[in-house]
Amino acid sequence: MTLPYLLLDIDGVLIPFPAADGSTLPTHVRHTVLPTGRHPDDPVPIWLDPSHGPVLTDLLVSGLVTPVWCTSWRKDATTIIGPLLGLPDFPYLDLPRPQITTSHPDGYLWKRDHVDPWLGRAPVVWIDDDFTVLDHAWAAERTARGCATLLIQPDPYTGLQPSHLADVRGWAGLPDAAGGTTEAA
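Things to note about the overall build of the protein
And then number 1: Per the secondary structure count, the protein includes five helices and six strands.
And then number 2: Its C-alpha atoms put the protein at 50 × 40 × 30 Å along the principal axes.
And then number 3: A buried classification covers 43% of the 185 residues belonging to the protein.
And then number 4: In the form shown here, the protein has an accessible surface area of approximately 9,200 Å², with 56% of it arising from carbon and sulfur atoms.
And then number 5: Counting 11 positive and 22 negative side-chain charges, the protein places the averaged centre of each group 6 Å from the other.

Things to note about the side chain of Asp-135
And then number 1: Following the sequence through the fold, Asp-135 ends up in helix α4 (residues 133-144).
And then number 2: Classification of Asp-135 by relative accessible area gives buried; the value is 1%.
And then number 3: Among the polar contacts made by the side chain of Asp-135, one reaches the main-chain amide nitrogen of Thr-132 at a distance of 2.8 Å.
And then number 4: Asp-135 has contacts with Tyr-108, Leu-109, Arg-112, Asp-130 and Leu-151, leaving out every residue within four places of it along the chain.

Brief notes about the pairing of strand β5 (residues 124-127)
And then number 1: Residues Val-124 and Trp-126 line one face of β5 and the alternating positions Val-125 and Ile-127 line the opposite face, and both faces are buried.
And then number 2: In the sheet, strand β1 (residues 5-8) pairs with β5 via four bridges, with the strands oriented parallel. Residue Leu-6 lies in a different strand from β5, and its bridge partner there is Val-125.
And then number 3: In the sheet, β5 pairs with strand β6 (residues 149-152) via four bridges, with the strands oriented parallel. Each residue of the ladder has a partner; that of Ile-127, found in β6, is Ile-152.
And then number 4: Handedness of the crossover joining β5 and β6 through α4: right-handed.

Digging into the sheet that holds β1
And then number 1: Taken in spatial order, the four strands of this open sheet run β4-β1-β5-β6, and their pairing is parallel. In this open sheet, the two strands that pair with only one neighbour each are β4 (66-69) and β6. Here the strands of the sheet are splayed against their neighbours by 15° on average, with no regard to which way each runs.
And then number 2: Bridge count between β1 and β4: four bridges; the pairing is parallel. Bridging from a neighbouring strand, Leu-7 pairs with Val-68 of β4.

Here's the deal with the nonpolar core
And then number 1: Membership of the largest hydrophobic core comes to 31 residues, with the highest contact counts inside it found for Leu-14, Trp-69 and Ile-81.
And then number 2: When residues of this core are traced back to their parent elements, those giving at least two are β1, β3 (44-48), α1 (52-60), α2 (76-85), β5 and α5 (162-171).
And then number 3: At four residues, the largest contribution of residues to this core is made by α2.

Topic: the state of the cysteines
And then number 1: Throughout the structure, instances matching the rule amount to zero disulfides.
And then number 2: Distance from the sulfur of Cys-70, which forms no disulfide, to the nearest cysteine sulfur (Cys-147) is 17 Å.
And then number 3: Take Cys-70: its relative accessible area is 0%, and that puts it in the buried class.
And then number 4: Using a relative accessible area of 1% as the deciding quantity, one classes Cys-147 as buried.

Rules and cut-offs
Residues numbered from 1 in each chain as written. Predicted model: local features only at pLDDT ≥ 70, side-chain atom pairs only at ≥ 80, totals over all residues. Heavy atoms only, no water. Helix = DSSP H or I, 4+ residues; strand = E, 2+ residues; numbered from the N terminus. Buried < 20%, exposed > 50% of the residue type's maximum accessible area, 1.4 Å probe, protein only. Areas by Shrake-Rupley, 256 points an atom, 1.4 Å probe, with all protein chains shown as cover. Lys, Arg positive; Asp, Glu negative; His and termini not counted. Charge placed at Lys NZ, Arg CZ, Asp CG, Glu CD. Polar contact = N/O pair within 3.5 Å; in protein donor to acceptor, adjacent residues only side chain to side chain. Contact = heavy atoms within 4.5 Å. Pairing = 2+ DSSP bridges. Right-handed = clockwise from strand over helix to strand, strands pointing away. Axes fitted to C-alpha atoms, helices over the stretch in contact; angles between N-to-C directions. Core = buried A, V, L, I, M, F, W, Y, C linked by side-chain atoms within 4.5 Å. Disulfide = S-S within 2.5 Å.

In structure tokens form, the structure reads like this:
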């Protein structure tokens, strides 16, 4: 049996967006990074929660999911974000750089056009803050066809929460904090 993929986004998931007043979550630590192609005089400030590293590592090395970055950070996810959180190395989906002005040019998350054929019939849990109703319908249709699919959508201003990881663990049949398990849908 194919292990379920765990597709993991970064912006709005591991890096929550600042509040309207510019404030950031007190749990997150500021880092200044230089993404690929960015001029050295123009680094990017990001905020990461250091507690995400150990809890994500525990999930990623469980052997019951295959982690893959699914983010516009592309390779920088493996060379910048992962190391800052102390995550084990894992691959990224090499998404294109579309010339779009919205994340939903066709009414659904643009990444789906690349994720769907890449997945084939593999089961997947996908964590992204930017799904639409059409993405949730796609997930339900995949699951109905026998391709277990779970979309987890964190609030982009609070990002990844312990309950989201508990949902992944339950879906994948991993023990939760209470020691029980739930089978994948």
